[in-house]
Structures are given as C-alpha cells and as structure tokens.
Amino acid sequence: MALVEIRDVHKTFGKVEVLKGVSLDVQEGEIVTIIGRSGSGKSTLLRCINALESVDAGEIRVEGLKVHARMPDLKKFRQRVGIVFQAFNLFPHLKVERNITLAPLLTGRIDKAKARALAADVLTRVGLADKIDAWPEQLSGGQQQRVAIARCLAMAPHLMLFDEVTSALDPELVGEVLKVMEAMAKQGMTMILVTHEMGFARNVANRIVFMHQGRVWEQGPPAKLFANPETPELASFIASAK
Amino acid sequence: MNFLPLWRYQNQLIDGAIVTLELTVISALAGLVIGIAGAVALKGRITPVRWLVRGYIELFRNTPSLIQIFIVFFVLPNFGLKLPAFEAAAVALSLYFGAYSVEIIRAGLDSIPRSQVEAGQCLGLSGWQVFRHIILPPALRNAYPAVTSQFVLLLLGTSLASQVAADELFHVAGFIESRTYRSFEVYAVICAVYFAMAMSFKALFAIIGLAAFRWPRRR
C-alpha cells in the first residue's frame, strides 16, 4: 500500500476547476517533486493532502486514512504530516525554541523538561543550533525557512510536504535550504515537493510529476523526464525553466 | 488667585482621585473582557450573535456616554435593577469601553495573516490553542496602542459619573467649589490631577508594552 494514495481528485474554487481528476501514489521513502506552471494546481494538491483544502470529488488517503477537513483525529493526522510553506510562517512573537516546541508541548508529545533538548536536536539537523534563542525576525530568510523545517521535524512526521519553500528566498539563500532537504531525503523521509528548482528536482527526486491544467500530465524518473519529455507541454516548460 | 483655601480639602481631592482611578480600572478591565469576547463573537460563525454584537457596538458608540450612565442609574431601577451611583457608572462605562474595545481587538485579530492560523493548524493544534498561542499575542500587540488611548479617554470620561453623584474627582471638585467659590483654582487643580493621571498611565502603558511585547517588529 502506498503511503499517499490520490484518486481522481477534483477541486474547484468558485467557477475555476483547479484540480481535474488528479491521481497519484507516493510510496514510503519516496521523494516526489511536482513541477508545473503557476496555476497548474500543484500547491492546491499539496494543501488537499494536508486537509487545508477539502476535495470536491475523488479521494486522498494517507497511511490508509481518508483525508478531509472534517476527518476524525484531524489534529493527530496533521502531527504526522508536516508542511513547510513558501512564506516560512514562523510565529513572530515566539523565539526559535518556542516556535519549535510549542506544538510538541501543547499536543503532549513531550514534557517541558525535554523541550529545549528537542529544539536543540532538530536545530542541529538544520544547522542552526546557535539560533535557539533568536527571534524569527533576527534571522535571514533562509534561516527562517530552516527553522520552519526544524519545527516540522520536531513533530516527527511520517510525510513532509514542501510548498515552493525556496521561492521567497534571495538566490544566495536557496542553497542552504535545499541542502537541509537533501539531507532529509538521504535519511529516508517521504517527501512531496512543489518546486521551481529544476536542478534540485533532477538531483534529489525519485520521481518528477509534471502538472498541467489541473492534471498530472506526465510523470517519471527525473533523468528520463528531463531528457525525453513525451509531451510538448513538458518540453516547453523545461525549455522555459532553463 | 489663591489656592490656599483648597488645602483643607486635600483629603477629599485624594479620595476623589482614588475613586476616579477605581472607576477607570474596573471599567477598563470589564470592558476589555467584553472586547475580547465580542471580537471573538464577531469573528465567529453564529450570525444572530454577530448581529447582536454589532447592534451593541453601534448603540454604545453612537449615543452619549452620559445618557448611558443615566439609563443604568435612573431607568434600570424601573426593571428591578437598582445600582448605587459608583456601580451604575462602572456598568455603563464598562459597556461603553467594551463597545470600542470590540472593534479595536477585532481589527487586531484581523491583522494576523491567515497563514499564521494555517501554520498552527498544520502542527496539529486545536482551534483554541491556535487562538490563544498564535493569534492573540500579536493581535493584542497590534491593538495595544488603540486600547491604551481609549483607556485615557475612559479616564477622562469618568467625570460624567459626577452627574449621578458618584464620588469621583469631578464631583468632589463641584463640592469644593460650592464651598470656596474658587472656581478657577478648583478646576485648575483637578485639571492638573487628570493631566498627571493621564500622563502617568501613558508612561505606565509604554513600560508595560515594552515588557509584554518584546519581540522585534517586522522590518
């Protein structure tokens, strides 16, 4: 059984159908990168996987559990599925340590005595152990994004979703975030990424999914997909992304 | 100009100032609770409750505070609720302060981006946990300057309670003036007292603000 099973998912906002029957499986330990033009439905699909959006038709299952906004144990489900956003979304009024430990403490995952050690551990994994007492506003964009990743890691998720996490960063800060994600990939974390970083997609992903007009247009291993796109839409997208 | 005749009334002036402070603080605290509850109700999904809160805000923000105090003091006894002058003024001023606080705090809550809420939800937090730990602190910071300004207006507005004979500062001043016939001196003194109290509160709020909202502002 795949970790994530997406079956014929449709999603409409007003009169605009953003997802038009998307089907996709993601196996445990797999790194799937979703690419495509703006408006192709990539981010919406990611938000549906985490029940931030409800699907209008079709079905999403994660670890066999049917996902929707009113599912029982939604909070517990979300503790197992981490999502990192383009805009970091750190809590500006909490120091880095508290940003990381807030959810583990409030959800009872850890007790107060272990909180700082947990924060230190996940911060070490993203190379920011020395920033444990900093305010988010004192960090660069890349550092904030790495703290956002650390905050998800503190919940020990089974699946990580990344929604264009480098799009808001200055070019010189992109590398540090990608490096952290690469390390997570090597440790066997199941990841679904929406990204415009073609180099990263090519080097790290097990599979590339090209979305176009709300559908999975083409998918396959990166080497094959980038070298021999089967559809003119993907060929044109790859050419424009170079 | 002769301030000496006022000297023997210094205890009454001090007592009046204390009553003014009590009236202000009690009304502000009660009004703040009303403000937070009303703002949450305004953001809620229950339409009749939203209408009710909206009606309350419009009623209390668009009628004179003096009439509100009179209604509580003179009209409510007809319905079986008879309150002494201080309590009646406190109830009316709490409702008055609450009506402004609802809008100020609602604006503060609205200033928190939706993405912050989603980030909290995605970490598996409950609605209450997201509100308490993620939305409320920065919302209160954003609302704080307006709330403190409103507090000073409330402090000055407590003088209206003199009209139902609550023993606050302005009422005491009227009493002293009637005894001494030193209008200028009496009102100059209580003006200075109101000014000193207002400036002291402003300084206090600035210190509280620095202590309570220590995180750096967005660049």
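Just so we're clear, the structure is a prediction, and the values are computed from it rather than from any experiment.

Calculation rules
Residues numbered from 1 in each chain as written. Chains lettered and ligands numbered in written order. Predicted model: local features only at pLDDT ≥ 70, side-chain atom pairs only at ≥ 80, totals over all residues. Helix = DSSP H or I, 4+ residues; strand = E, 2+ residues; numbered from the N terminus. Rg over C-alpha atoms; globule rule 2.2 N^0.38 Å. Buried ≥ 20, exposed ≤ 12 C-beta atoms within 10 Å, placed from the backbone. Contact = placed C-beta atoms within 7 Å. Pairing = 2+ DSSP bridges. Expected span 1.5 Å × (residues − 1). Arc of directions from axis to C-beta. Core = buried A, V, L, I, M, F, W, Y, C linked by C-beta atoms within 7 Å. pLDDT = per-residue confidence, 0-100. Axes fitted to C-alpha atoms, helices over the stretch in contact; angles between N-to-C directions. Nonpolar A, V, L, I, M, F, W, Y, C, P; charged D, E, K, R; others polar. Right-handed = clockwise from strand over helix to strand, strands pointing away. Parallel < 35°, antiparallel > 145°, perpendicular 65-115°, else oblique. Left-handed = near helix turned anticlockwise from the far one by under 90°.

## What to know about the overall build of chain A
Broken down by element type, chain A carries nine helices and 10 strands. On C-alpha atoms alone, chain A measures out to a radius of gyration of 18 Å, which is about the 18 Å that the 2.2 N^0.38 rule sets for 242 residues. Reported as C-alpha extents along the three principal axes, the dimensions of chain A are approximately 55 × 40 × 35 Å. Out of the 242 residues in chain A, the part that is buried amounts to 45%. Within chain A, counting contacts between residues at least 6 apart in sequence, those at least 24 apart form 63% of the total.

## Observations concerning the sheet that holds strand E2 (residues 16–26) of chain A
On the basis of which strands lie adjacent, the open sheet formed by four strands has the order E2-E1-E4-E5 (chain A) and antiparallel pairing. Since the sheet does not close on itself, it has two edges, and those belong to E2 and strand E5 (65–66) of chain A, each with one partner.

## Some remarks on helix H6 (residues 171–186) of chain A
Residue pairs spaced three or four apart in an α-helix point in one direction, given the helix's 3.6 residues per turn. Residue and element names in this part refer to chain A. Helix length check: H6 (16 residues) gives 24 Å between terminal C-alpha atoms against 22 Å at 1.5 Å per residue, within 8%. Within H6, burial applies to Val177, Leu178, Val180, Met181, Met184 and Ala185. In a view along the axis of H6, the buried residues occupy a sector of 155 degrees, so they form one face of it. Exposed residues lying more than 90 degrees from the buried face of H6 are Glu172 and Lys186. The first or second residue beyond H6 is Gly188, which carries a positive phi of 90 degrees.

## Focus: the nonpolar core
Counting 115 residues, the largest nonpolar core has A:Ile49, A:Ala150 and B:Ala89 as the members making the most contacts within it. The leading source of residues in this core is helix H4 (residues 85–110) of chain B, at 14 residues. With sequence-adjacent residues up to four places away left out, A:Ala150 is seen in contact with A:Ile100, A:Val122, A:Leu123, A:Arg125, A:Val126 and A:Leu128. In this structure, B:Leu6, B:Ala173, B:Ile176 and B:Ile190 belong to the second largest nonpolar core, which totals nine residues.

## Some words on the confidence of the model for chain A
Residues of chain A with pLDDT of at least 70 account for 100%, and the chain-wide mean is 93. Ranking the elements of chain A by mean pLDDT puts helix H7 (residues 198–204) of chain A last, at 86, and helix H3 (residues 96–106) of chain A first, at 97.

## Re the pairing of E2(A)
All names here are of chain A. In the sheet, strand E1 (residues 4–13) pairs with E2 via eight bridges, with the strands oriented antiparallel. In the strand pairing of E2, Thr12 is matched with Glu17. Connecting E1 to the antiparallel partner E2 that follows it, the hairpin turn spans two residues, and Gly14 within it adopts a positive phi of roughly 65 degrees.

## Section: the sheet that holds strand E6 (residues 81–84) of chain A
Residue and element names in this part refer to chain A. Here we have six strands laid out as an open sheet, ordered E6-E7-E8-E3-E9-E10, and mixed in their pairing. One side of each edge strand has no neighbouring strand; the edge strands of this open sheet are E6 and strand E10 (215–220). Strand-to-strand twist across the sheet, computed as the mean angle between neighbouring axes with direction ignored, equals 20 degrees. As judged from the five bridges shared by strand E9 (residues 207–212) and E10, these two strands associate in the antiparallel manner. Each residue of the ladder has a partner; that of His212, found in E10, is Arg215. Taken strand by strand, helix H1 (residues 42–49) contacts strand E3 (31–36), strand E7 (159–163), strand E8 (190–194) and E9, and its axis lies near 145 degrees from that of E8.

## Quick word on the interface of chain A and chain B
Taken together, the 21 residues of chain A in the interface contact 19 residues of chain B. Of all the secondary-structure elements, those providing two or more residues to the side of chain A that touches chain B are helix H2 (74–80) and H3 of chain A. Per-element accounting of the side of chain A that touches chain B gives the leading share, four residues, to H2(A). Each residue belonging to the side of chain A that touches chain B can be placed in one class, and the counts come to 11 nonpolar, six polar and four charged.

## Details of the pairing of E7(A)
Across a regular strand the side chains alternate sides, sitting on one face of the sheet and then on the other. Residues and elements named next belong to chain A. Counting buried positions along E7 gives five out of five residues, so the element sits mostly inside the fold. Where E6 and E7 come together, four bridges link them in parallel fashion. Across the sheet, Val84 pairs through a bridge with Phe162, a residue of E7. Crossover handedness for the path E7 to H6 to E8: right-handed.

## Here's the deal with the packing of helix H5 (residues 141–153) of chain A against H6(A)
All names here are of chain A. At a minimum axis separation of 8 Å, H5 and H6 run at an interaxial angle of 15 degrees. Put simply, H5 runs roughly parallel to H6. Crossing hand, H5 versus H6: right-handed. Residue-level inspection shows Gly141, Gly142, Gln145, Arg146 and Ile149 of H5 in contact with H6, the latter providing Leu173, Glu176, Val177 and Val180.

## Examining the environment of B:Leu169
Residue and element names in this part refer to chain B. For Leu169, the location among the structural elements is in helix H7 (residues 169–180). Each C-alpha atom of the pair Leu169 and Leu136 lies 35 Å from the other, and the pair is 33 residues apart in sequence. Apart from the residues lying within four places of it in its own chain, the contact partners of Leu169 are Gly16, Ala17, Thr20, Ile190 and Val193.

## Thoughts on the packing of helix H2 (residues 47–61) of chain B against H4(B)
Residues and elements named next belong to chain B. Look at H2 against H4: their axes get within 9 Å of each other, and the N-to-C directions meet at 120 degrees. By the angle between their axes, H2 is oblique relative to H4. Of the two elements, H2 crosses H4, and the hand of that crossing is left-handed. Taking contact as the criterion, the partners of Val53, Tyr56, Ile57, Phe60 and Arg61 in H2 are, on H4, Leu95, Tyr96, Ala99, Tyr100, Val102 and Glu103. Grouping the constituent residues of the contact of H2 with H4 by class yields nine nonpolar, no polar and two charged.

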